[in-house]
Every structure is written in C-alpha cells, then in structure tokens.
Amino acid sequence: MSVQHADPLEDVLALVGTTSRLSTGLVAGGDWALDFDPPPAVKFNALRRGSCLLIVDGITYPLAAGDCFLLTRSTRFVLASSPAVVPSPAAPVFAAAGPDGIARTGAGDDVFLLGGRFDFGARARELLLDALPPVLHVPGGTPAAATLRWALDQIDTELRDHPIASGLVAEHLALVMLIHILRLHLASAPPGQGWLGGLADPVVAPALRAMHADPARAWTVADLAAVSTVSRSTLAARFRQAVGQGPLDYLTGWRIELAAARLRRGDGTLSTIARAVGYGSESALSTAFKRVTGESPRQFRAPRSS
C-alpha cells in the first residue's frame, strides 16, 4: 500500500495557531527570589548564565546555565537563588525594567534569564497541552539540547545587535525552541496517553502519520494496520493503549478539528468542507460534528455574541 506520511505535531501546532512572544529578561545576583503570578499562556525561560532554582507546586528544579523550562499550566512559580530566601512579587520588578528590556533584582549580575511565552488558539489545551506534563525541563548540558543552544544564541544575537526585523526573527526562533523541546520530550519521556504518546509508539506512529497525511481517505483499521505492518488486533490494542481511543475514533476527532478550523475561517461551503475532511455529504458531516462538539456546523459557524 502506497501511503503518504505527514507530521501530526506540525499539523496540531498549525491548527492551534501557535505564536511566540519574547518578554523582559531578568538579571539577578546575590540572595533573591521572585514570586510570579500564574502566566496567561505557556511560559518559557532559558538560563543563559549562572544558576538558580525553579519552584512549581512545591517541586524544586535546579537550573544551570543553558537549561530551559516550559510551563504548560497556568500556575504560580518562583525563581530563586536558594529556597531560604522569602520571595518578593515579580510584577513590580518587571514593571521597573529599564529601556534595555531587562529587569533587575538582588545584588549583582551573575544570573541572566531570557523569557517569553507561547500563545495558542482555543483548542490548544485539549489537543496539545493536556498531553504534556506541567513542567518540561531541558538540561542544557545534554547533547540533545545542542539545537536549543543554537536557537538561544541566535535569539541573544538578535536582541543584542537589533538588526532589521530582529524582534520577528527572535520570535520565530522561539518557535524553533518550542518544537525542539517537544521533540526532546517525545524522545526521552515515558510514553503518555494521547496523540503525543502515540507518536512515541513505533506501532501507532505510522498509522497516525498516515491519517494526518490523508484524513479524507476512507480508512479502515485493516488499512492502518497494513501501514504499521501489524495485525488489526495489535494496532487496535496498541492505539487504544497509547492514544486513549481507537484509531477510527481518533480519525473522526481529527476530521472534526479540521472542519471546525475551516468553519472558523469561513473557508468554503459546508458541502465543500465535508468532502475535504472525508464525509460524502453535508448531512454526514453535520451528524458527526454534532456528535463530537454538541453543535451543528451551522451553529458553530454562526457569529457568537460578545
């Protein structure tokens, strides 16, 4: 069977509208600790020099130069020189940042953190973020983090030298960082449940990629099992174990996500969208769409009152 293969991670990041924004940097020294309000979006920081502690939900993560971390939940966190220092609110420190875009706390400059956030569309929590642990910590000393170091070095250069469009370049480099952090997570973390867990499973991943490459195809479990070169029963069991649902249920959900994205954009008639995502008629799409979302496509497309 000749099957094209796609990249589900790329598909989902594009579907949820991933964007990045760099925030004020932090220089710190001596004894210091800052208490951060829950971030409104996915937060990342990279420690460019020095060492400090990240404290989230009572868990302490020692950070060394070159380390990165990603916070996937909106929760309070503390950055500190040691656990003995009583944290001060971070907001006033960052509000007082100088024209160089750097906030300063403590005495000295032995610590420098570069930070930012990733914003996603409304479906990101269910499609992507819930499949990730609350904290993704990438130690900078590992060989796998080499590409992250390259991206961070380039971001530093853009922000220091301010060439034309430096802000835009730096934000795109931050997206490169995000993708590499997710790759490292998939390569090193124990498999979790969800489509990210499926990508880490050598039996499930080919079937996932095949469905993403051609979601409109009338896939059967037998077809997908042939792509993965296993029996139907093996694929069905492994898929459910890794992803938390059967392969055809996953396919239905992904088709509805694609249809919903086109409906939000006003991209085509219902019948056109139905054919594009694998339904032979508008009524077939409407039935599946309402079963998954609780709304008909026409209700979903209707303007929401503010």
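Small disclaimer: the values here were computed from a predicted structure and weren't measured. As a convention, each chain's residues are numbered from 1 in the sequence order in which they are written. Confidence filtering applies because this is a predicted model: local features only for residues at pLDDT of at least 70, side-chain atom pairs given and counted only at 80 or more, and all residues used for totals across whole chains, interfaces and linings. With hydrogens and water excluded, all non-hydrogen atoms of the structure serve as input to the side-chain values.

## Things to note about the nonpolar core
Our working rule: Nonpolar core, defined: a set of buried Ala, Val, Leu, Ile, Met, Phe, Trp, Tyr and Cys residues in which side-chain atoms within 4.5 Å join the residues together. The rule is simple: take the accessible area with a 1.4 Å probe, protein chains only, and divide by the maximum for that residue type; under 20% is buried, over 50% is exposed, in between is partly exposed. Secondary structure elements are taken from DSSP: a helix is a run of H or I of four residues or more, a strand is a run of E of two residues or more, and numbering for both begins at the N terminus. The criterion used for residue contact is that any of the two residues' heavy atoms lie within 4.5 Å.
If you look at the biggest cluster of nonpolar residues, it comprises 55 residues, and the most contacted ones within it are Phe120 and Phe239. By residue number, the principal contributor to this core is helix H5 (residues 166-188), which donates eight residues. When near neighbours in sequence (up to four residues on either side) are disregarded, Phe239 contacts Val204, Ala207, Leu208, Met211, Gly244, Gln245, Gly246, Pro247 and Tyr250. In terms of nonpolar packing, the next biggest core, distinct from the first, is built from 21 residues, Trp32, Val56, Val111 and Val135 among them.

## Quick notes on the packing of helix H4 (residues 146-161) against H5
Condition: Throughout, an axis means a line fitted to C-alpha atoms (over the contacting stretch in the case of helices), and angles, computed between N-to-C directions, take values from 0 to 180 degrees. An angle below 35 degrees is treated as roughly parallel, one above 145 as roughly antiparallel, one from 65 to 115 as roughly perpendicular, and anything else as oblique. It is the rotation of the near helix from the far one that decides the hand of a crossing: anticlockwise by less than a right angle makes it left-handed, clockwise makes it right-handed. Each residue gets one label: Ala, Val, Leu, Ile, Met, Phe, Trp, Tyr, Cys and Pro are nonpolar, Asp, Glu, Lys and Arg are charged, and the others, such as Gly, are polar.
It is at 9 Å that the axes of H4 and H5 come closest, and there the two elements cross at 165°. In terms of axis orientation, H4 runs roughly antiparallel to H5. In the crossing of H4 with H5, the sense of the turn from one axis to the other is left-handed. Across from Thr147, Leu148, Trp150, Ala151, Leu152, Gln154, Ile155, Glu158 and Leu159 in H4, the residues of H5 making contact are Ser166, Val169, Ala170, Leu173, Ala174, Met177, His180, Ile181 and Leu184. Among the residues forming the contact of H4 with H5, the class breakdown is 13 nonpolar, four polar and one charged.

## Some thoughts on the packing of helix H9 (residues 232-243) against helix H10 (residues 247-265)
Where H9 contacts H10, the two axes come as close as 9 Å, and the packing angle between them is 55°. Our classification of the angle between H9 and H10 gives oblique. In contact with Ala236, Phe239, Arg240 and Val243 of H9, H10 contributes Pro247, Asp249 and Tyr250. Considered class by class, the residues forming the contact of H9 with H10 number five nonpolar, no polar and two charged.

## Structural notes on the pattern of salt bridges
Cut-off, in case you're wondering: Salt bridge, as applied in this entry: a Lys or Arg side-chain nitrogen positioned within 4 Å of an Asp or Glu carboxyl oxygen.
For the structure on display, the rule yields nine salt bridges. Its salt-bridge partner being Arg48, residue Asp153 comes within 2.6 Å of it at the nearest N-O pair. Highlighted residues: Asp153 in helix H4 and Arg48 in strand E4 (residues 42-49), separated in sequence by 105 residues. By relative accessible area, which is 38% here, Asp153 ends up partly exposed.

## What to know about unusual backbone geometry
Even without a glycine there, the phi angle at Asp57 is positive, about 50°. Relative to the elements of secondary structure, Asp57 occurs in the loop between strand E5 (51-56) and strand E6 (59-64). Its relative accessible area of 58% is what places Asp57 among the exposed residues. Notably, Thr229 is not glycine yet its phi reads approximately 55°, a positive angle.

## Examining the sheet that holds strand E9 (residues 88-89)
Put simply, the test is: One requirement defines pairing of two strands: DSSP has to find at least two bridges between them.
With mixed pairing, five strands are arranged side by side in an open sheet as E6-E5-E8-E3-E9. The open sheet has two free edges, formed respectively by E6 and E9, since each of these has just one partner strand. Pairing of E5 with E6 involves six bridges; the strand directions are antiparallel. Note on E6: the bridge partner recorded for Ile55 is Thr60.

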